[in-house]
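# Observations on the model geometry
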Amino acid sequence: MKYSTVIFDLDGTLLDTSQGIMLGASYTAKKMGAPVLSPDKQKSFIGPPLLDSFIRECGLSENEARIAVEIYRKRYKEQGLYETKHYGGIEKLLVYLKKANYQTAVATLKMDAFAKEILNHFGLGKFFNSIKGIDEKDTHSKSDIISMCLKELGQSDPSKAIMIGDSIYDARGAEQLGMDFIAVTYGYGFQNKEEACKSKNVFIAESVRDIITFFEF
């Protein structure tokens, strides 16, 4: 195998965090006096930067959206973090990668402190050599966060690392850094193989088992 480093997205790839994110988005929209969010609009908050989502889906100004992000994060810290469940087979995959001596990391657009808290709470933090999330001012791009993981791991050659994620943000972040990308369709972003094919990737995984199969060859 040409890779020595595996970097994961979090939401929609490692953990099903949809309930906490969707309820938090709906709660925040109501607090901000914005129109009620439909289920599809709630789902659109999964993956992209929160600031952009509140501007796009709630019609807020940037300053209003920053207030909305604070409201959302307060609820998420107190409640939303725990409205989460494992995807089947994730722990088996992480055990396999560790035994095979891969370096592993998480690069997520979830706030850094929340990413560490949720992974530790659900027993996955111990499997990763690096966990990096977005800063409180939402200034980091996905490629920035992936770069921080690579730096912490001492991986200076992006071609030896591979990114695994469920959205175009993951695909673009990997491509910008010259990394290969595995697109997963069991999360929230790519709904099927046809949609995933629109991104540059070396493999499409429809289940966690598919990812294990990829690394076994």
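Attention here is on the structure that accompanies the text.

Criteria and thresholds
Residues numbered from 1 in each chain as written. Predicted model: local features only at pLDDT ≥ 70, side-chain atom pairs only at ≥ 80, totals over all residues. Heavy atoms only, no water. Pairing = 2+ DSSP bridges. Helix = DSSP H or I, 4+ residues; strand = E, 2+ residues; numbered from the N terminus. Axes fitted to C-alpha atoms, helices over the stretch in contact; angles between N-to-C directions. Salt bridge = Lys/Arg side-chain N within 4 Å of Asp/Glu carboxyl O. Buried < 20%, exposed > 50% of the residue type's maximum accessible area, 1.4 Å probe, protein only. Contact = heavy atoms within 4.5 Å. 1 Å grid on protein atoms, 1.4 Å probe; cavity = no way out; pocket = protein on both sides within 12 Å on 5 of 7 lines; lining within 4 Å. Points joined across faces, edges and corners; volume = space filled by probe spheres on them. Nonpolar A, V, L, I, M, F, W, Y, C, P; charged D, E, K, R; others polar. Core = buried A, V, L, I, M, F, W, Y, C linked by side-chain atoms within 4.5 Å.

### Brief notes about the sheet that holds strand E8 (residues 203-205)
A sheet is described by the order of its strands in space; here six strands give the open sequence E5-E4-E1-E6-E7-E8, paired in parallel fashion. Pairing within the sheet leaves two strands with one partner each, and these edge strands are strand E5 (130-134) and E8. The average angle at which neighbouring strand axes cross in this sheet is 20 degrees, direction not considered. Across four bridges, the pairing between strand E4 (residues 103-111) and E5 is parallel. Across the sheet, Ala105 pairs through a bridge with Ser130, a residue of E5.

### Points about the pattern of salt bridges
This structure, assessed with the given rule, holds 13 salt bridges. Linking Arg73 and Asp138 is a salt bridge whose minimum nitrogen-to-oxygen distance equals 2.9 Å. Within this pair, whereas Arg73 is found in helix H4 (residues 62-78), its partner Asp138 is found in the loop between E5 and helix H7 (142-153), the two being separated by 65 residues in sequence. This pair shows no difference in class: Arg73 is buried, exactly as Asp138 is. Residues participating in the shared-partner salt-bridge network are Asp9, Lys142 and Asp170.

### Regarding the side chain of Glu83
Counting through the fold element by element, Glu83 comes out in the loop between H4 and strand E3 (85-86). Excluding anything up to four places from it in sequence, Glu83 contacts Asp16, Thr17, Gln19, Gly20, Leu23 and Arg75.

### A word on the environment of Lys43
Here Lys43 is to be found in helix H2 (residues 39-43). Sequence spacing of Lys43 and Ile21 is 22 residues, and the spatial spacing of their C-alpha atoms is 8.0 Å.

### Some words on the layout of surface pockets
Over the atoms, a rolling probe the size of a water molecule traces out where space has been left empty. Roughly 240 Å³ of internal volume is contained in the largest pocket. For the largest pocket, the lining is made up of 16 residues, of which Ser167, Tyr188, Gly189, Phe190 and Glu195 are closest to its centre. Along the lines of polarity and charge, the residues of the lining of the largest pocket split into six nonpolar, six polar and four charged.

### Considerations on the environment of Leu109
Structurally, the position occupied by Leu109 is in strand E4. Residue Leu109 is classed as buried on the basis of its relative accessible area, which comes to 11%. Along the sequence, Leu109 and Asp138 sit 29 residues apart, while their C-alpha atoms lie 8.5 Å from each other. Leaving out residues up to four positions away in the same chain, Leu109 has contacts with Gly47, Pro48, Pro49, Ile134, His140, Ser141, Lys142, Ile145 and Tyr169.

### Side note on the nonpolar core
By size, the foremost hydrophobic cluster in this structure holds 74 residues, and its most contacted members are Phe54, Leu119, Phe128 and Phe215. Each residue touching Leu119, except ones within four places of it in the same chain, is listed here: Leu10, Leu14, Leu15, Val106, Leu124, Gly125, Phe128 and Ile131.

### Quick look at empty space enclosed by the protein
In this structure the tally under the stated criterion is one cavity of 30 Å³ or more. Lining the largest cavity are 16 residues, and of these Asp11, Pro48, Leu50, Leu109 and Lys110 sit closest to its centre. Contributing elements (two or more residues each) for the lining of the largest cavity: H4 and E4. Looking at the lining of the largest cavity, the element that brings in the most residues is E4, giving four residues. Partitioned by chemical class, the residues of the lining of the largest cavity number nine nonpolar, two polar and five charged.

Function cannot be read off these values alone, since they describe shape.
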